[in-house]
Amino acid sequence: MKGPVMHITDTIIMEDRILLGHGSGGRQMHELIRDYFLKYFGNEHSQSMGDSAILPAISGKIAMTTDSFVVDPVFFPGGDIGKLAVCGTVNDLAVAGAEPKYLTAGFIIEEGFPVSDLVKILKSMRKEADLAGIKIVAGDTKVVDKGKCDKIFINTAGVGYVDEKYASLTSGSLVAPGDVVILNGNLADHGMAIMAARSALNFRSSIESDCSSLNGIIKLLLSVTRGIKFMRDPTRGGLASVLCEVSSGRNWGIEVEEEKIPVSPETRGLCEMLGFDPVYVANEGKFLMIIEKDEADIALRTLKDHPMGVNAAAIGRVTPGHPGRVLMQTAIGGKRILDMLAGEQLPRIC
Amino acid sequence: MCLSIPAEVIEVNGDMARVSIGGTIYDASLQLVENIKPGDYILLHTGFAIEKLDREEALSTLELFRELDELERPPDPDQQ
Amino acid sequence: MKYVDEFRDKSAVRDLISRIGASSTKRVSFMEVCGGHTMAIQKSGIPSLLPENITLKSGPGCPVCVSSRGFIDQAVALSRIPGVIIATFGDLIRVPGSYTTLEKAKAEGSRVEIVYSILDALKIAEKYPDRKIIFLGIGFETTAPSTAAGILMARSGGLKNFFVLSSHKVMPPAMRALVEEGINIDGFIGPGHVSTITGSAIYEELPRLYRLGCVISGFEPVDILQSIYMLVMQAEKNEPKVEIQYKRAVKPEGNRKALDMLDQVFELCDDWWRGLGILKSSGLRLKNEFADFDAGLHFHVEVPDIREDARCLCGDVLKGRITPDECSLFGKSCNPVNPVGACMVSNEGACHAYYRYHYHGR
């Protein structure tokens, strides 16, 4: 690289902050893209820096998703906003039965954001994308005035291809009484890791976010069983919201057993301290599936043999009774309705 | 206003105690209680220990069932 | 002994259920006066396990529910003063005042911080010496001592930018008022954590004057069922008395140190309870000595007249006269997203808990 380029790069490193100029469309932005974004995201589809990534044709149906990431704090135990952006997008594709292929990422960065943090986020995105086997093919950066956004926001789009035979996985239209509800592991780790990481509440915990890409484990499952009828990742709103969504308006209901829902002791402790119910807390590396009864065992065995499914459990079943509703058999054998959460759970003392 | 939960005292520093709730660590105030030592369980409410939990009483509450149980009917295999 | 799982033991629960079923011959109803009990009862599905002749009613024990609209109106008005930061427990921010909520005030630019403890509010005050931090003091005898401790810390630490708006209340006048209103119950499930502080003597008038039993209960399923069992036995023998089920956390004499701190900072005053009206000596205000910390005295804000929705039956729900679903607003214009009455706002409010957990089709 020649003089002026080095100069600008040096300036960035010296000041170590994203400036409004980095989103101006001028040379500063150009350098930012080339020296950071392309450096970490670069692949055969993104080198051209054209206005569009030109991609090879995909065979099969196309699955497409979009998501925005505004997590606070940006870095948290078990991940960061970049890893989360990749995992979240990959998982939305994977639970639809799709094979994730391409990802785009738009960044809205608050003026003054440390460049070193941006680099950490970009590296983390690349690492996760490589793990998940998805390519980051296009990106965009805007820098906004201090206070106009909270540090950094990422918006993504994801594209994958999906086999025709998985077309009903998203809606769960084939689900029927007798089917089994399976979860791939401990609930509520992401939400509680974020809660504990928010410094204002003064807790210290070793809870780590479960943030991870699920396409590998889902692909494996789909290859060993054809009995899966529904999949969804219980992110915001948690397990309860997914169960309520899928059963709403159906002529069947769902009954889950509180005792079977896996939650780590530490996460449970923090939930109880703040008055949270783990079934409403966000997850970023979990998926819920509804599967034919006869196939449940093989699915469960496959999950338990996989690092992302060690704590997998069959947590409930689809019932002909109480259509459209989710019932929870409580740990002591009582029954109660599981409803969607009205608003965000807040630390409560009463 | 009742959300108070048991927490285990890890260490005591003056009128503060480091407590653990299933592994989550919190620095709780001991201003409302007396004679707290590591290993004790306290009832934590809004950042304050409001009472030391009495182990003997807890055991005897639980014991009450078992004794009554044994008197009144054969042992329940689930309880083993 | 971890003090939690032991008290969620399934076989102990089964045992208690069958014991209650075997000994209960009368049609009885018991009232839990603590919202934490309401929550625990609904969450664990206890109503679905009890024999049909036993009814549980929810009383006024949620401090959020009984706080007046005027208190929220005042907090909102305070939040709009430039340089003020409101520090509050999470539940309060969705409680409707006459016109708006703290959550909406926050969306309009007020600075409202959710804290777990008054200790967090003190930290905010230390961190922002040029701001004025107002902690919203809600809760009963359980919580008021920690507010007292916080105020004493602020004084000894020389904090000049820390204030408290107190809506703290004490429980006995409310229980007395309910009884005198003539609610039809056979005994109280006594508030465990209030009693941790107060001890059990405050309930002695219930059996003496009103022939009502009171069993001070813990919050785990085994605790609550054991308390119900104890109340059933009292009712069967017609021997109402005050008993402590929650012995691991409640001593008859209470927590003297916490009570002393409470007395040092607060004094009783008449206070307004949603659904019950003004009750004599039922509120806690800062003593004159601590006037410098009293947000109500330090700041002068215009608070519009209180506006109530006449159709809201929170008062009757709080008194245990009706179940939440008997209110015409329940589940319709009043729901957890848009609560009309305070009972729908708090997680432990009777209507909210009922909305979330109740199961009719046994």
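Residues numbered from 1 in each chain as written. Chains lettered and ligands numbered in written order. Predicted model: local features only at pLDDT ≥ 70, side-chain atom pairs only at ≥ 80, totals over all residues.

Caption draft 1: Up close: the overall build of chain C. Summing up its helical and strand segments, chain C has 15 helices and 11 strands in all. For 362 residues, the compact-globule estimate of 2.2 N^0.38 gives 21 Å, and chain C sits close to it at 21 Å. On the principal axes, the C-alpha backbone points of chain C span a range of 65 × 45 × 40 Å. Evaluated residue by residue, chain C yields a buried proportion of 59% over its 362 residues. Once local pairs closer than 6 in sequence are excluded, the contacts in chain C between residues at least 24 apart make up 77%. (Helix = DSSP H or I, 4+ residues; strand = E, 2+ residues; numbered from the N terminus. Rg over C-alpha atoms; globule rule 2.2 N^0.38 Å. Buried ≥ 20, exposed ≤ 12 C-beta atoms within 10 Å, placed from the backbone. Contact = placed C-beta atoms within 7 Å.)

Caption draft 2: Region of the structure containing the interface of chain A and chain B. Each partner contributes residues to the interface: chain A has 17 residues there, and chain B has 12 residues. Of all the secondary structure elements, the ones that give two or more residues to the side of chain A that touches chain B are strand 8 (203–204) and helix 8 (265–274) of chain A. Among the residues making up the side of chain A that touches chain B, the classes are represented as seven nonpolar, five polar and five charged. Of the pairings in the sheet, the one linking strand 8 of chain A to strand 3 (residues 24–29) of chain B comprises two bridges and is antiparallel in character. Counterpart to R204 of chain A in the pairing with strand 3 of chain B is I25 of chain B. (Nonpolar A, V, L, I, M, F, W, Y, C, P; charged D, E, K, R; others polar. Pairing = 2+ DSSP bridges.)

Caption draft 3: Spatial organisation of the sheet that holds strand 14 (residues 335–338) of chain A. All names here are of chain A. Taking strand neighbours across the sheet as the criterion, the seven strands line up as 9-11-7-12-10-13-14 in an open arrangement whose pairing is mixed. Looking along the sheet, the strands with just one partner apiece sit at the ends: strand 9 (228–232) and strand 14. Strand-to-strand twist across the sheet, computed as the mean angle between neighbouring axes with direction ignored, equals 25°. Contacts from helix 9 (residues 296–304) reach strand 7 (180–183), strand 11 (288–291) and strand 12 (313–319) within the one sheet, and its direction differs from that of strand 7 by about 5°. (Axes fitted to C-alpha atoms, helices over the stretch in contact; angles between N-to-C directions.)

Caption draft 4: Representation of the interface of chain C and chain B. Counting from both sides, the interface comprises 37 residues of chain C and, opposite them, 31 residues of chain B. Those elements that provide at least two residues to the side of chain C that touches chain B are helix 1 (10–23), helix 2 (35–44), helix 6 (118–127), helix 7 (144–156), helix 9 (192–198) and helix 12 (256–265) of chain C. For the side of chain C that touches chain B, the class distribution of residues is 19 nonpolar, 12 polar and six charged.

Caption draft 5: Representation of the pairing of strand 13 (residues 326–329) of chain A. All names here are of chain A. When strand 10 (residues 253–257) meets strand 13, the two strands line up parallel, connected through four bridges. Each residue of the ladder has a partner; that of I254, found in strand 13, is V326. Where strand 13 lies against strand 14, four bridges are found, and the strand directions are antiparallel. Among the inter-strand pairings, L327 is bridged to a residue of strand 14, identified as I337. Remark: five residues form the turn of the hairpin made by strand 13 and strand 14, two consecutive strands paired antiparallel; G333 in that turn has positive phi of roughly 95°.

Caption draft 6: The sheet that holds strand 5 (residues 135–144) of chain A, seen in detail. Residues and elements named next belong to chain A. With mixed pairing, the four strands of this open sheet are ordered in space as 1-6-4-5. Looking at the sheet topology across the chains shown, the edges are occupied by strand 1 (61–69) and strand 5. When the angles between neighbouring strand axes are averaged without regard to direction, this sheet yields 15°. Bridge count between strand 4 (residues 98–110) and strand 5: nine bridges; the pairing is parallel. Of the residues in strand 5, the one forming a bridge with I108 is K142. Sheet contacts for helix 3 (residues 81–94): strand 1, strand 4 and strand 6 (152–162); angle to strand 1, the most-contacted strand, approximately 150°.

Caption draft 7: Local environment of the confidence of the model for chain C. Per-residue confidence for chain C gives a mean pLDDT of 91, with 98% of residues at or over 70. Across the interfaces of the predicted complex, the ipTM metric reaches 0.90, alongside a pTM of 0.89. (pLDDT = per-residue confidence, 0-100.)

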